[in-house]
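Residues per chain are reported as follows:
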Amino acid sequence: IVCEGKTELGFVRALDTYLAKTKNCRMAFKGVGTADGGGSTIFKCAEILRSCGYEVCLLMDSDLTEEEPQKTVLLGNGVSVFDWDKPNAFEEQIFFDVPTEVVTQIINIAVNEHGIESVKARLTSGHIPCEVIKNQIQFSAMEPEERKKIGTIAKKKRVEWYKRIDLGELVGDIIFENLEHIEANSKLKKVVDKLSEWVIEND
């Protein structure tokens, strides 16, 4: 599984834990490993691995329209591409698709890393209504597009909230713990299902 970056690598680690709990299946049992695609070098990484005879899939964003032709080429070469609704990055898709109470849990990962005042200030500057209750940031019910704006704030350069493997894993753990509360027809749920299927059916 070639991951666009460190957040996705952590998310796949969380997926591995989820599959172990629910399917009694570890990726290692299926000979599945991960590679850091390094952002813009993800396609080159995938092609090198494919040329070496590996079955390859990609987990990546859909926020750069110029990458779409390269995705099409890989799909034509039999490489599975698991990505998000255009023009979403990982952060935007997860906040769009998870319910508000799960948003609160994911936001408080950022609070633990960056401090409550820093996170609240960024949300406020992005016109996201929130309040601090018992040292946690809380939200009232929001529409999906409002939640997506939080993801846009979360991915901003130089202060990315989840751009580490361990943080991506924590985000993934929360998502998998709440998977039953995520709409079955959402892009997030569909990608999780298809990626899980790719792992389980890999031999």
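Everything in this summary refers to the structure shown in the same document. (Residues numbered from 1 in each chain as written. Predicted model: local features only at pLDDT ≥ 70, side-chain atom pairs only at ≥ 80, totals over all residues. Heavy atoms only, no water.)

**Focus: the overall build of the protein**
Here is step 1 of the chain: Within the protein one finds nine helices and six strands.
Here is step 2 of the chain: In terms of C-alpha radius of gyration, the protein reaches 17 Å, essentially the compact-globule figure of 17 Å for 203 residues.
Here is step 3 of the chain: Projected onto its principal axes, the C-alpha coordinates of the protein cover approximately 50 × 40 × 30 Å.
Here is step 4 of the chain: Counting across all 203 residues of the protein, residues that qualify as buried make up 48%.
Here is step 5 of the chain: Within the protein, residue pairs in contact and separated by at least 24 positions form 68% of the contacts whose partners lie at least 6 positions apart. (Helix = DSSP H or I, 4+ residues; strand = E, 2+ residues; numbered from the N terminus. Rg over C-alpha atoms; globule rule 2.2 N^0.38 Å. Buried < 20%, exposed > 50% of the residue type's maximum accessible area, 1.4 Å probe, protein only. Contact = heavy atoms within 4.5 Å.)

**Things to note about the nonpolar core**
Here is step 1 of the chain: Ile1, Ile107 and Leu123 are the most contacted members of the largest nonpolar core, which totals 51 residues.
Here is step 2 of the chain: Going through the elements one at a time, helix H1 (6-23), strand S3 (57-59), helix H4 (90-97), helix H5 (100-114), helix H6 (116-125), helix H7 (144-154), helix H8 (165-177) and helix H9 (187-200) are the ones with two or more residues in this core.
Here is step 3 of the chain: Of all the elements, H5 adds the most residues to this core, at seven residues.
Here is step 4 of the chain: Within the second largest apolar cluster, 12 residues are counted, among which are Ile42, Val56, Leu74 and Val81. (Core = buried A, V, L, I, M, F, W, Y, C linked by side-chain atoms within 4.5 Å.)

**A closer look at the sheet that holds strand S2 (residues 35-36)**
Here is step 1 of the chain: Spatial strand order, S2-S1-S3-S4: four strands in an open sheet with parallel pairing. Each having just a single partner strand, S2 and strand S4 (80-82) make up the two edges of the open sheet.
Here is step 2 of the chain: Note that strand S1 (residues 2-3) and S2 share two bridges and pair parallel. Residue pairing across strands places Val2 opposite Ala35, the latter belonging to S2.
Here is step 3 of the chain: In the packing of H9 onto the sheet, contacts are made with S3 and S4, and the angle to S4 comes to roughly 145°. (Pairing = 2+ DSSP bridges. Axes fitted to C-alpha atoms, helices over the stretch in contact; angles between N-to-C directions.)

**Examining the packing of H1 against H8**
The relative placement of two packed helices comes down to the angle between their axes together with the axis-to-axis distance.
Here is step 1 of the chain: Two elements in contact, H1 and H8, have axes separated by 6 Å at closest approach and are oriented at 45°. Here H8 runs oblique to H1, going by the angle between their axes. Helix-helix and strand crossings are classified by hand; for H1 and H8 the assignment is right-handed. Contacts between H1 and H8 involve Lys6, Thr7, Leu9, Gly10, Phe11, Arg13, Ala14, Leu15 and Tyr18 on the former and, on the latter, Ile165, Gly168, Glu169, Gly172, Asp173, Ile175 and Phe176. (Parallel < 35°, antiparallel > 145°, perpendicular 65-115°, else oblique. Left-handed = near helix turned anticlockwise from the far one by under 90°.)

**What to know about the side chain of Asn108**
Here is step 1 of the chain: Tracing the backbone through its elements, the reader meets Asn108 in helix H5.
Here is step 2 of the chain: You can call Asn108 buried: its relative accessible area is 7%.
Here is step 3 of the chain: Leave out the neighbours within four places in its chain, and Asn108 touches Asn135, Gln136 and Ile137.

**Here's the deal with H5**
Here is step 1 of the chain: With 15 residues, H5 ought to run about 21 Å at 1.5 Å a step, and its terminal C-alpha atoms sit 21 Å apart, in line with that.
Here is step 2 of the chain: Within the span of H5, buried status applies to Thr100, Val102, Val103, Thr104, Ile106, Ile107, Asn108, Ile109, Ala110 and Val111.
Here is step 3 of the chain: Against H4, H6, strand S6 (136-138), H7 and H8 lie the buried residues of H5. (Expected span 1.5 Å × (residues − 1).)

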